[in-house]
Amino acid sequence: MDHHSSRGLHQFNNNVGIKFQLYNSLFSSLPFHRIEKTGILLSVLLNNCDEGYKKKMNPADIIEDFFQKNTTVKNDKDKLDVLFRFVQYVERQVVLFDALEDAAFTSVRDMSGAGTLRQLELDVVKNNKDKELEKKLQDFSVHLVLTAHPTQFYPGPVLGIINDLSKALADNDTAKINIYLQQLGKTPFLQKQRPTPYDEAISLIWYLENVFYPAAGRIVSFMKNQFDDALSANKPIINMGFWPGGDRDGNPFVTADITLKVAQALRGGIIKCYYLDIRKIKRRLTFKGVDVILNGLEKQLYDNIFIPGYQTDITKEYILDELHKIKEIIIYQHNGLFLHLITNLINKVNVFGLHFASLDIRQESSVHNSVLEAVHGDDYAQLNTEQKMAFCVNAPEVIAEKNYADSLVQDTVTNLYGIKKIQQLNGESGCNRYIISQCNSALNVLEVFGLFLSCGWKHDALNVDIVPLFETIDDLKHASDIMQVLYTTPAYKKHLQRRGNKQTIMLGFSDGTKDGGYLMANFSIYKAKEALTKISKAYHIDVVFFDGRGGPPARGGGKTHQFYASMGKNISNKEIQLTIQGQTVSSNFGTIDSAQFNIEQLINAGISNDIFSTKATTLQGAEEELLVQLAQISFESYNELKNHPDFMDYLTHISPLKFYSETNIASRPTKRNKGNKLTLKDLRAIPFVGAWSQLKQNVTGYYGVGTALAALEKEGKFSKIKELYSNSLYFRTLMDNCEMAMKKCFFPLTEYLSDDKKYGEIWNKIYHEYELTKRYVLQLSNSTDLMSNYPVDSMSIAMREKIVMPLVTIQQYAIQKMREMDEQLVSTPLKETFEKLVIRSSFGIINAGRNSA
């Protein structure tokens, strides 16, 4: 263990571990009914769980044994009442732990160490790479896209408490801590109604205003101070994107009206930030000549926020002009006093403009064909594929005011007109991308092109990027062929020329993993990027990859920055673009410090990878051959499990999967179709991954890896794989993330299924694969424990898993009881209460995992 890891572990133990024990005791003294007894009994249950699983007891037996030996409770109704109180207590313990980790962030992490901008500065000077840095910064940026994917189990009020509590903990303000814990005790976690897309947008705009705005300001100001000559004047190093209110894929609640409303909220949010900054600056800049300009700017901003329905033609350029006038006056008349205040605000305006974050539009590919057929009738419907492509590149305009009977058609048309309104209001950056999910042909892209033309956009004024999203293993395989067709389509080629010869392509990790398993999904995306880079270069197109990454390793999360740092010159690295989804927003970017640290890690990875690396390719020929074999064998192993006749029954009846939609955490449905039957094809990746996470089996993060490694060992190639692990950061990161997924597994929870008549075979297959994978990854890392190379993260996971041990036991107990009722055809009002217990347990389990769904 290196010095920093040792120091970080010591700080974590002091500032998180010990403080958790200390402040956890405050829960028992809170002025709530029966809370002291609840806390005492919960600690007894935790001990019973530890002992019970060692004795191979199942969750139902552990719970029943607990009640029999430690309480006088006899009937199920009273038992359920106690268990609900345990759930509420553990939920709040998780909040405390989250707040403690947030408060300790700068103590535990080295804010000037590896991966930070300060380290980048040292490396550039040390290696004399000033010119290379200047060249790289001319067109490099990090683009973070906030999404409202259903992985955020904390409601808004609780996220607010975590934010305030972490500040109080950092200041050791015991009085405030006590008050916030009392508030937490009275704040519900379960929302009675689903949030609307607008609710989701407002929740994430809070993070833009309170976290990303100041964090980006810090980063850009540092880079301006250290690398001023190198930074591009026209391209900000940080860009923010936004999906709530624009992402229509499978979400019927997102409408054209909502999209416009969210765009207005984004504009209002950033104007409010500028207004508040101007108010603060006025307290310092009280100089002659400056005050008049500041007052005028303040009034313009005020009128745009607080006067209902009032919108002036205020622009980003106007704000910057006024600020630059002030800057000149300060420099030449006031000796540069407080110049940094104006400079910092100028930096923020350059990043956020009047759009705050670019609102992306996303829709599923088949919708566009339906809309074109509705708009153009048989003129389109009766054409073959080639004819449709030719039609789309010169589609005639239709009447805007026409009303269509199908609400989806009407909304799609109205929305395409609405994009123009957003650009007029927020600037072009306000909404200039249209993403096509489940894209599997060039026609899918050209249909969107044709829809824009149908809705009045002209070829020479179509200032919107059309972004195909490739997700399944098959789609990834054919992605370069699809793009070649587009690059050789004259009308689309001209469109790209008008857009600076840049093509953004989105790649989805989540559905790829659901479709092909962990290794195959990741390797398929790598190969797709390699092929797309090659074909784009051949046609003189700068390709930019937009990664649809979730929180857990199974959905492209984990040690994300290391993936970007590991890429060779064969993968385009113009920009780093990725989604920050749901829970990941609060867990990795929940405070200014954590946001700054994680954004710096991405910036450093993207720049260092280009200016310091000499690798022509990410993988050498022999290395790639090994990965091809590993990916294929793991794919076959995963497919065998996925195609087991009882696979979906296992997931449906053993995990909380079928209750995911009842958590009311998001506006989007959990599956794409409206049928009652839950199929793997229609099931979205998030509930799929989240269900395995709550089962503590995390199949999607490692399944097939052990089988693949064992197969290559039999062929005498394990020494080559060890070389690959030593030499390739890409492969090492894949294995590191695999370890993270396995670290969060706990098979004793479901070991009672090992001899089950129906589910025993599947459980044993999964457990065998887990043990096999664990054995081989530990051999590769030369370790005895999972994640031993990341001691702080490992300790955090271990403590979190211990906190929620009673919760996962309670959830499995409830699932067992319901299954017994179903098997015995018993009808009882208590079944509904058991269902609620399963749902309520999900909140604490997912929140404790921090990147579990």
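Structure first, text after, so check above.
So, a few notes on the structure that sits alongside this text. (Residues numbered from 1 in each chain as written. Predicted model: local features only at pLDDT ≥ 70, side-chain atom pairs only at ≥ 80, totals over all residues. Heavy atoms only, no water.)

When helices and strands are counted, the protein chain shows 36 helices and 9 strands. With the principal axes as the frame, the protein chain shows a C-alpha extent of 80 × 70 × 60 Å. Counting across all 853 residues of the protein chain, residues that qualify as buried make up 61%. Long-range contacts, defined as pairs at least 24 residues apart, comprise 81% of the intrachain contacts of the protein chain with a sequence gap of at least 6. For the protein chain, the exposed area adds up to about 33,800 Å²; of that, 50% sits on carbon and sulfur atoms. (Helix = DSSP H or I, 4+ residues; strand = E, 2+ residues; numbered from the N terminus. Buried < 20%, exposed > 50% of the residue type's maximum accessible area, 1.4 Å probe, protein only. Contact = heavy atoms within 4.5 Å. Areas by Shrake-Rupley, 256 points an atom, 1.4 Å probe, with all protein chains shown as cover.)

Now for the side chain of asparagine 58. Along the chain, asparagine 58 turns up in the loop between α2 (35–54) and α3 (59–70). Among the polar contacts listed, one links the side chain of asparagine 58 to the backbone nitrogen of alanine 60, at a separation of 3.0 Å. If near-sequence neighbours (up to four positions away) are discounted, asparagine 58 is found in contact with Tyr752 and Gln816. (Polar contact = N/O pair within 3.5 Å; in protein donor to acceptor, adjacent residues only side chain to side chain.)

What follows deals with the nonpolar core. Among the nonpolar cores identified, the biggest contains 270 residues, and Phe242 and Ile603 are the most heavily contacted of them. If one sorts the elements of this core by residue count, helix α10 (residues 197–227) sits on top with 15 residues. With near-sequence residues (within four places) excluded, phenylalanine 242 lies in contact with Val145, Leu146, Ala201, Leu204, Ile205, Leu208, Val262, Leu266, Ala357, Ser358, Leu359 and Asp360. Formed by 7 residues, the second largest nonpolar core is a distinct cluster that contains Val145, Ile435, Met506 and Phe546. (Core = buried A, V, L, I, M, F, W, Y, C linked by side-chain atoms within 4.5 Å.)

Its 13 residues place the ends of helix α9 (residues 174–186) 19 Å apart at the C-alpha level, agreeing with the 18 Å of an ideal helix rising 1.5 Å per residue. Every buried residue of α9 is accounted for by Ile177, Tyr180, Leu181 and Leu184. All buried residues of α9 lie within an arc of 105 degrees about the axis, which places them on one face of the element. Turned more than 90 degrees away from the buried face of α9, the exposed residues are Ala175 and Lys186. (Expected span 1.5 Å × (residues − 1). Arc of directions from axis to C-beta.)

Attention now goes to unusual backbone geometry. Its identity as a non-glycine residue notwithstanding, lysine 56 has a phi of 60 degrees, on the positive side. By the secondary structure assignment, lysine 56 is in the loop between α2 and α3. Among the residues examined, lysine 56 registers a relative accessible area of 62% and is labelled exposed.

What follows is about the pairing of strand β9 (residues 575–581). Among the 7 residues that make up β9, 7 are buried, leaving the element largely enclosed by the rest of the structure. Residues of β9 alternate between two faces, with Glu575, Gln577, Thr579 and Gln581 on one and Ile576, Leu578 and Ile580 on the opposite face, all of them buried. Sheet topology note: the strand β1 (residues 141–147)/β9 ladder contains 7 bridges and is parallel. Note on β9: the bridge partner recorded for histidine 143 is glutamine 577. Judged from the 2 bridges that link them, strand β8 (residues 542–548) and β9 form a sheet pairing that is parallel. The residue of β9 that forms the bridge with aspartate 547 is leucine 578. (Pairing = 2+ DSSP bridges.)

On inspection of all chains with the given rule, the structure shows 37 aromatic pairs. With a centroid separation of 5.4 Å and an interplanar angle of 90 degrees, the aromatic rings of phenylalanine 452 and tryptophan 457 are classed as edge-to-face. Overall, the relative accessible area of 0% leaves phenylalanine 452 in the buried class. Tryptophan 457 sits in the buried class, given a relative accessible area of 3%. The ring of phenylalanine 546 carries the charged tip of arginine 433 above its face, separated from the ring centre by 4.6 Å. Of note, arginine 840 hangs over the ring of phenylalanine 843, and the distance from its end group to the ring centre comes to 5.4 Å. (Phe/Tyr/Trp six-rings, centres within 6.5 Å; stacked < 30°, edge-to-face > 60°. Lys NZ or Arg CZ within 6 Å of the ring centre and 35° of its normal.)

The element strand β6 (residues 465–470) is largely enclosed, with a buried count of 6 among its 6 residues. On β6, burial covers both faces: Asp465, Val467 and Leu469 on one face and Ile466, Pro468 and Phe470 on the other are all buried. Relative to β6, strand β5 (residues 433–437) is paired through 4 bridges, and the arrangement is parallel. Within β6, the residue paired with isoleucine 436 across the bridge is proline 468. On the question of chirality, the crossover connecting β5 to the parallel β6 by way of helix α19 (residues 442–454) is right-handed. Across 2 bridges, the pairing between β6 and strand β7 (residues 502–508) is parallel. By the bridge assignment for β7, phenylalanine 470 is matched with leucine 507. (Right-handed = clockwise from strand over helix to strand, strands pointing away.)

Another point: the environment of lysine 79. Inspection of the secondary structure puts lysine 79 in helix α4 (residues 76–103). The class for lysine 79 is buried, based on a relative accessible area of 9%. Sequence spacing of lysine 79 and serine 655 is 576 residues, and the spatial spacing of their C-alpha atoms is 22 Å. Not counting the four nearest positions on each side in its chain, lysine 79 is found in contact with Glu64, Phe67, Val73 and Lys74.

Pairing in this open sheet of 9 strands is parallel, and the strands run β3-β2-β1-β9-β8-β7-β6-β5-β4 from one edge to the other. Single-partner strands in this sheet number two, and they are β3 (358–359) and β4 (361–364). Where helix α15 (residues 365–376) meets the sheet, it contacts β4 and β5, and its direction lies at approximately 85 degrees from that of β4. Packing of helix α22 (residues 509–516) onto the sheet brings it into contact with β7 and β8, and relative to β7 it is tilted by some 45 degrees. (Axes fitted to C-alpha atoms, helices over the stretch in contact; angles between N-to-C directions.)

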